[in-house]
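What follows is the residue order along each chain.
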Amino acid sequence: MLPQEVLTQSAEAIINFNNVGLSILEIGHRTSWFVDVIEEAKLLVKEFMQLQDGYEVLFLQGGATTQFMQVPLNLLGDAETAAYCDNGIWGSKAIKEAKLYGHVNVVASSKDKNHSYIPKAFTVPTESKYLHYTTNNTVEGTEWHTIPETTVPLVADMSSDIFSRPMDFNRFSLIYAGAQKNMGAAGVTLVVVKKSLLGTVPRKISSILDYQSHIEANSLLNTPPVFAIYVALLTLRWIKKEGGLVEMEKRAKIRADLFYNTLDALPLFTPLVAKEDRSLMNATFTIKDETLEAAFLEECKANGMVGIKGHRSVGGLRVSMYNAMPLSSVEALCSLMEQFAKKHG
Ligand code: PMP
């Protein structure tokens, strides 16, 4: 979900970008117009993350899925071992890709209980090249509310909770996030990388997959997704205007509290995640009587609420409450759930 004003500004830019007489879809990516866009977006990312010197901000293509392979390709030598947390479908996919480039040590897994919780006590061997984890498990509805303690470089997939809360971003060596949940439209992936992490793997890397080449080219190695980067800039500006990450977190907590309190109060519904590990972005649950699921989805649809069906890999129901989701939408869903429970409970 994107803020209405971001949609309006994006639509205006498609007709006439910044009154230059061309569409954002037409301007050259090497014009000063676009270089200004990318520079401002980078500055906002650095400001939100309060990054110290030594980090580079990149806007790449191929989605977070490409990062599953680009991370180990750039960071993990054939004979080296990286530690991974296996806490959901996306983390598992990252593990599968990493195994193509080096050794993987799964140090924490929640597979035993269908990834319904976040593992708490685990050890990361100090010789691990890095520790990779997914900060928010989009499909399963769990979220890490603290950053794992480790002395090895931390790598995180933040695709589904990026910029939803303040974090100590300087504890990470590499962060990646597809833009399409909290910071824009599909087509661009944010990568924030500590430069000192690079250049340690003796492997030939094609420039399109080499972080170093993208750094040297300032994300303009080849034609970037100009429109998607522009929508990301508009969304970043919106986040700043609304009060930044502190405000995003405040709103996320109010939305999630309302939703989970409603869910817990209605015996017809069963939450899928341990209370302390519940995601502020994606709430997952089932209906006790499975035959009612289709009727519930129909009722939602009739009231203009779509996208509530759980991910195809796990089924059930999932409510996503990203940054731009107004509280009023969650209130409307909660009252629909209460009425549905009264009728069928
Ligand atoms: N990681 C997470 C946490 C995700 O939520 C997603 C997509 N929903 C991905 C990775 C994959 O992203 P993409 O489709 O952009 O490759």
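What you see is a predicted model; the values in this text were computed from it and never measured. (Residues numbered from 1 in each chain as written. Predicted model: local features only at pLDDT ≥ 70, side-chain atom pairs only at ≥ 80, totals over all residues. Heavy atoms only, no water.)

Quick look at the domain arrangement of the chain
Quick reminder of the rule: Domains are outlined according to an automatic or database domain assignment. Between two residues, a contact is recorded if the distance between any of their heavy atoms is within 4.5 Å. Buried surface area refers to the total accessible area, computed with a probe of radius 1.4 Å, that the two partners give up upon joining, counted for both partners together. Any carboxyl oxygen of Asp or Glu within 4 Å of a side-chain nitrogen of Lys or Arg constitutes a salt bridge here. Numbering of helices and strands starts at the N terminus; helices are DSSP runs of H or I of at least 4 residues and strands are runs of E of at least 2.
Segmentation of the chain into domains returns domain 1 (4-242) and domain 2 (244-344). Relative to domain 2, the C-alpha centre of domain 1 lies at a distance of 27 Å. Taken together, the contacts link 29 residues of domain 1 with 26 residues of domain 2. Here domain 1 packs against domain 2, burying approximately 2200 Å² in sum over the two surfaces, 57% of which is carbon and sulfur. The tally of links from domain 1 across to domain 2 stands at two salt bridges. Note that Glu242 and Arg251 form a salt bridge whose closest N and O atoms lie 2.7 Å from each other. Ranked by the residues each element gives to the side of domain 1 that touches domain 2, the list is headed by helix H6 (residues 226-242), at four residues.

Let's talk about the sheet that holds strand S11 (residues 282-287)
Applicable threshold: When DSSP finds two or more bridges between two strands, those strands count as paired. An axis is simply a line fitted to the C-alpha atoms; with a helix, the fit covers only the stretch in contact. Between two such axes, the angle follows the N-to-C directions and lies from 0 to 180 degrees.
Taken in spatial order, the three strands of this open sheet run S10-S11-S12, and their pairing is antiparallel. If you trace the sheet from one side to the other, it starts and ends with strand S10 (269-271) and strand S12 (317-320), each paired once. Ignoring strand direction, the axes of neighbouring strands in this sheet form an average angle of 35°. Taken strand by strand, helix H9 (residues 327-344) contacts S10, S11 and S12, and its axis lies near 130° from that of S10.

Section: the site of the ligand
Short version of the rule: Whether a residue is near a molecule or strand is decided by its heavy atoms; if any one of them lies within 4 Å of it, the residue is near. Polar contacts, as used here, are pairs of N or O atoms within 3.5 Å; protein pairs need one atom able to donate a hydrogen and one able to accept it. Residues neighboring in sequence count only if both atoms are side-chain atoms. In these tables, accessible area is a Shrake-Rupley quantity obtained with a 1.4 Å probe, and a residue counts as shielded only by the protein chains included in the view. The classification used treats Ala, Val, Leu, Ile, Met, Phe, Trp, Tyr, Cys and Pro as nonpolar, Asp, Glu, Lys and Arg as charged, and all other residues, Gly among them, as polar.
Taken together, the neighbourhood of the ligand is formed by 13 residues, with Thr65, Thr138, Asp157, Gln180 and Lys181 sitting nearest. Thr65 places a polar side-chain atom, nitrogen or oxygen, 2.5 Å from an oxygen atom of the ligand. Residue Lys181 places a side-chain N or O atom 2.8 Å away from a nitrogen atom belonging to the ligand. For the ligand, whose accessible area on its own is 400 Å², the fraction buried by protein is 85%. Looking at the shell around the ligand element by element, the count peaks at four residues for helix H3 (residues 63-75). Classifying every residue of the shell around the ligand by side-chain character gives three nonpolar, eight polar and two charged.

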